[in-house]
Amino acid sequence: MQDTKNPNFVVTDETNLYRLYPRERRAMLPLLKGCASQLGALLSPDELLSLRRAYRRALTLETPVRTASGLPVARIAMQTLLLFAEQIEPDHNILLSIALYPVVSCGAVSADEVRSLWGNDVAYLLSGMEKVNRFDDNRLTANPENYRGLLLSLAEDIRVILIKIIRILTLMRSINHHPDDDWVRSVAFKANYLYAQLAHRMGLYKIKGELEDLALKYTNREIYSKIAAELSATKRAREAYIAAFIKPLKKKLEDAGLHFEIKGRTKSISSIWAKIKKQKVEMSGIYDLFAIRVIIDTPREREKADCWLAYSILADMYTANPALMKDWITLPKSNGYESLHATVMGPESKWVEVQFRTRRMDLTAEKGLAAHWRYKGVKSDATDQWMNNIRDILETAESGPMELMKNMKMAMYDKEVFAFTPKGDLFRLAAGSTVLDFAFAIHSNVGCRCMGAVVNGTHQKITYRIKSGDTVEVVTSPSQSPKQDWLQIVVSSKARNKIKQALNESRNRSAAMGKELLERRLRNRKLELEETLFSKTLKKLGYKTITDFYLALGTDALTPDKVIAKYNEIQNHESQGEVHIGADEYRIQENDGSENASRSSDILMIGDKDIKGLNYKLAKCCSPVYGDEVFGFISSDGVVKIHLKSCPNARNMRQRYPYRLIKVQWSGSTGDVLPVTLKVVGQDDIGIVTNLTSIIAKEPAAQLRNISIDSNDGLFQGYLVIGVKDNASLSALIRKLGTVKGVKEVTRS
């Protein structure tokens, strides 16, 4: 049924989609003539003939002649064509693409036919229009900034975006009093937050202002009508006031010898409403409801002086408000904006804002880094410089700006992709991002539980590479957790950092579980690990760090029983003297085998009485000599191992095998020369080793068997294997070695 308020649309049903009413047909006649005039001047006779045939073919198909919102498809296309030619440029390929889009989208003409009849560039533009229109839905409310990036990446050509801006303006002009209020508000939102901003960045200020005004009209008709009525009622008086204000000011500035241009303008309805909300005042309280800009032509060295001269002339004529003074000449804004703003009380007690700037400052403000959309607070992004180039082409190209834009592909978006969630949230990702990147972009927990995704209705793995426009529904599982190989799948630093963090947390949890598991097993067996032997156990099992060791226990790569068995093995070897001295793999080099051989009890009394016939060995782990306090440990082969009471292994043997300990004491006479290892630490001075060996050589009761020295950062650490007969001789030697210059410490090892 046709709407009674506006003949531009109908309340649609399945039947109305396929028919036009006589009134609508009559409304298209002037549009047809206008389009014929525009296209006739641009297209060749063959191209015009092919276009007519394409439309005749489309009319034979059973395809809708109006959009789902009730607007005639052909009328919207013709209005867009004419508006583009009027507002921007009557470009051959663009106008032809606009005219062809309805017949191509309904299937009357194929892409191959377009390339054959009208060329690759027209086909390219139509492809971009189709991609952009495919995602022209209500999901913009999710993120306007990202949606803009999606449009630019899909369009691949700025001319497609220009077509889209003009089409949205055509649509906005056509939907006044449309019965579907929700749809109208959705269109108005897109026009305001997406296309108006794009138009502004390209320098299409008139289009931007109209889009914002119409958006306000459709979203808050009461406010729009009120402001429009007030402006309309005061238009003539306002224009007369501005003229009266400018006339004496112009005369004074000319008398001062300044060369300048004066512009006056009234704010748009949407700008006035924004000021009313921001300043919380009535329309009469807006100081810059209409503003005057004085642009001075002057050399660079006189810029500040001439701007202040012009200001002083204004201040002499009218009362200035110091609180509203804005001096961005003395101290420019961070974006380079320079201007001197003064608000004065003009005739009839009305506030007027006057801006003073030079021609150079004006160019900087309008086209340079400090462009209007920047200092008005619109968020900038990576497209800023590129958009400036587009605007410069639109404003300065003497002829054919669209031809110059033809080769300006939007390569900046080759490095980004944009994808939707099923709810319409839009995410900006690096090119090459996978489903896993997308999941982490949503939330860390979603990423850590990601199993895959449903992309455009099809199940995909986490390795699927996202394409612009994809709708991605992430599939999660509570049992899923990050894996090491995920680091090779993701491309974003956020996802990589979150995966590393999760892996570290998982490792720490597993390591803590492993440590707890081992400690529980040790408590059950009533065992206590000796630190030195525990460190040796880790190395024997092949683990470089304690964290890796506990992680292996926590992930069942290693069992506590295996650890305890290895520990006992090392402990038994230590207790039997079978472990070499030192963690640095230093070994005693013997000049005879006397200390390895089993001896009969000659210099030792074993047991409460001197038990004859028992064999013993001096343990290598502590190397006892005659006179040391010692004890005996009966090994499994019946040989008594002699250990120092201060031996590192003594505590463990006493706790675990008290029944195998036996009392031992030296007999009245000294025995053979026995090896003892001394550890010497000191400064790495020239000759210090010679001094040490000289002292040992002078001792009749000591023999140097081996020496190993290691120096680092001016310090040395050495191990000396000395043969001595008793601990008295050893103690005397240790005292003498300690007196050598540069030696800091001599200890028995």
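See the structure printed just above.
So, how was this worked out
- Residues numbered from 1 in each chain as written.
- Predicted model: local features only at pLDDT ≥ 70, side-chain atom pairs only at ≥ 80, totals over all residues.
- Heavy atoms only, no water.
- Buried < 20%, exposed > 50% of the residue type's maximum accessible area, 1.4 Å probe, protein only.
- Helix = DSSP H or I, 4+ residues; strand = E, 2+ residues; numbered from the N terminus.
- Contact = heavy atoms within 4.5 Å.
- Pairing = 2+ DSSP bridges.
- Phe/Tyr/Trp six-rings, centres within 6.5 Å; stacked < 30°, edge-to-face > 60°.
- Lys NZ or Arg CZ within 6 Å of the ring centre and 35° of its normal.
- Core = buried A, V, L, I, M, F, W, Y, C linked by side-chain atoms within 4.5 Å.
- Axes fitted to C-alpha atoms, helices over the stretch in contact; angles between N-to-C directions.
- Expected span 1.5 Å × (residues − 1).
- Bend = angle between axes of the 7 residues up to and from the residue.
- Patch = residues over 30% accessible without salt bridge, like charges linked within 9 Å, V, L, I, M, F, W, Y side chains within 5 Å.
- Areas by Shrake-Rupley, 256 points an atom, 1.4 Å probe, with all protein chains shown as cover.
- Salt bridge = Lys/Arg side-chain N within 4 Å of Asp/Glu carboxyl O.
- Parallel < 35°, antiparallel > 145°, perpendicular 65-115°, else oblique.
- Left-handed = near helix turned anticlockwise from the far one by under 90°.
- Nonpolar A, V, L, I, M, F, W, Y, C, P; charged D, E, K, R; others polar.

S.K.: For this particular structure, what's the right way to read helix H12 (residues 269-279)?
M.R.: Owing to its 3.6 residues per turn, the α-helix aligns residues three or four sequence positions apart on the same side. Every buried residue belonging to H12 is among Ile269, Ser270, Ile272, Trp273, Lys275 and Ile276, and all of these are buried. Taken together, the buried residues of H12 touch helix H10 (205-219) and helix H11 (221-255). Backbone geometry just downstream of H12 places Lys280 in the positive-phi region, at approximately 55°.

S.K.: How do you make sense of the pairing of strand E14 (residues 615-618) when you look at a structure like this?
M.R.: Each regular strand displays side chains that alternate between the two surfaces of the sheet. Only one face of E14 is covered, namely the face carrying Tyr616 and Leu618; the face carrying Asn615 and Lys617 is uncovered. Relative to strand E16 (residues 640-644), E14 is paired through 3 bridges, and the arrangement is parallel. Directly across from Lys617, in E16, lies its bridge partner Lys641.

S.K.: Teacher, can you tell me more about the packing of aromatic side chains here?
M.R.: A full pass over the atoms with the stated rule returns 10 aromatic pairs. Geometrically, the ring pair formed by Trp308 and Tyr311 is edge-to-face, given 5.6 Å between the ring centres and 90° between the ring planes. A residue pair is termed a helical-turn pair when its members lie 3 or 4 positions apart in one helix, as Trp308 and Tyr311 do in helix H13 (residues 303-317) at 3 residues. Relative accessible area serves as the criterion here: at 17%, Tyr311 is assigned to the buried category. Consider the rings of Phe633 and Tyr657, whose centres lie 6.0 Å apart with planes at 70°: the pair is edge-to-face. With Phe633 in strand E15 (residues 630-634) and Tyr657 in the loop between helix H24 (650-656) and strand E17 (661-662), the pair connects residues that are 24 residues apart, well separated along the chain. Residue Phe633 is classed as buried on the basis of its relative accessible area of 3%. Overall, Tyr657 belongs to the buried group, its relative accessible area being 14%. Connected via pairs of aromatic rings, a cluster forms that spans Phe534, Tyr543, Phe549 and Tyr550. Over the ring of Tyr241 we find Lys350; its NZ or CZ atom is 5.0 Å from the centre of that ring.

S.K.: Explanation requested: the nonpolar core in the structure shown.
M.R.: Side chains of a nonpolar character, in soluble globular proteins, are inclined to be buried together. Counting 71 residues, the largest nonpolar core has Phe84, Met172 and Leu211 as the members making the most contacts within it. At 11 residues, the largest contribution of residues to this core is made by helix H8 (residues 158-174). Listed in part, the 41 residues of the second largest apolar core include Ile606, Leu618, Val640 and Val680.

S.K.: Even after reading the chapter, I still don't get the sheet that holds strand E22 (residues 743-748), so can you show me in this structure?
M.R.: Two strands in a sheet stick together by hydrogen bonds in their backbones, pointing the same way (parallel) or opposite ways (antiparallel). Pairing is antiparallel in the open sheet, where 4 strands are placed in the order E20-E21-E19-E22. Looking at which strands have only one partner, the edges of the open sheet turn out to be strand E20 (702-712) and E22. Adjacent strand axes in the sheet meet at a mean angle of 20°, parallel and antiparallel pairs treated alike. Here 5 bridges tie strand E19 (residues 674-683) to E22, and the two strands are oriented antiparallel to one another. Paired with Leu678 across the two strands is Arg748, which belongs to E22. Against the sheet, helix H25 (residues 688-698) contacts E19, E20, strand E21 (715-724) and E22, and its axis sits at roughly 165° relative to E20. Against the sheet, helix H26 (residues 727-738) makes contact with E19, E20, E21 and E22, and its axis sits at roughly 165° relative to E22, the strand it touches most.

S.K.: Would you mind showing me how to read H11 here?
M.R.: End to end, H11 covers 48 Å across 35 residues, agreeing with the expected 51 Å (1.5 Å per residue, within 8%). For H11, the principal kink sits at Lys235 and spans about 60°. Backbone geometry just after H11 places Gly257 at a positive phi near 85°.

S.K.: How should a nonpolar patch on the surface be read in this particular structure?
M.R.: Together, Val689, Leu704, Ile707 and Ile709 make up an exposed nonpolar region whose accessible area comes to about 260 Å². The dominant element in the nonpolar patch, judged by the number of residues it contributes, is E20, at 3 residues. Residue position: Val689 is located in helix H25.

S.K.: I would appreciate a short explanation of the packing of helix H21 (residues 531-541) against helix H22 (residues 546-554) in the present structure.
M.R.: Geometry of a packed helix pair, given as the angle between the helix axes and the separation of the axes. Two elements in contact, H21 and H22, have axes whose closest approach is 11 Å; the angle formed by their N-to-C orientations is 70°. Taken together, the axis directions place H21 and H22 in an arrangement best described as roughly perpendicular. The crossing of H21 and H22 is left-handed. Here H21 contributes Phe534, Leu538 and Leu541 to the contact with H22, which in turn contributes Ile546, Phe549 and Tyr550. Taken together, the residues of the contact of H21 with H22 break down into 6 nonpolar, no polar and no charged.

S.K.: For this particular structure, what's the right way to read the environment of Ile295?
M.R.: Here Ile295 shows up in strand E2 (residues 290-296). With 35 residues separating them along the chain, Ile295 and Phe260 place their C-alpha atoms 5.4 Å apart. When neighbours within four sequence positions are excluded, Ile295 is seen to be in contact with His259, Phe260, Glu261, Lys263, Arg357, Thr358, Arg359 and Asp362.

S.K.: Would you mind going over unusual backbone geometry with me for this structure?
M.R.: At Glu348, a position not held by glycine, the phi torsion is positive, near 65°. Counting through the fold element by element, Glu348 comes out in the loop between strand E5 (340-345) and strand E6 (351-358). Of note, Asp556 is a non-glycine position whose phi angle comes to about 65°, a positive value. Position of Asp556 relative to the elements: it lies in the loop between H22 and helix H23 (560-575).

S.K.: What's the story with the side chain of Glu47 in this structure? I'm lost.
M.R.: Within the element layout of this structure, Glu47 appears in helix H2 (residues 45-60). Among the residues examined, Glu47 registers a relative accessible area of 15% and is labelled buried. In contact with Glu47, other than residues within four places in its own chain, are Leu42, His92 and Trp118.

S.K.: I would appreciate a short explanation of the pattern of salt bridges in the present structure.
M.R.: A side chain with one charge may pair with a side chain of the opposite charge, provided their charged atoms come close. Following the criterion strictly, the structure yields 23 salt bridges and no others. For Arg57, the salt bridge is made with Glu113, and the minimal N-O distance between the two is 3.2 Å. Of the two residues, Arg57 sits in helix H2 while Glu113 sits in helix H5 (residues 111-118), which places them 56 residues apart along the sequence. Members of the salt-bridge network, linked through shared partners, are Arg300, Glu303, Glu338 and Arg360.

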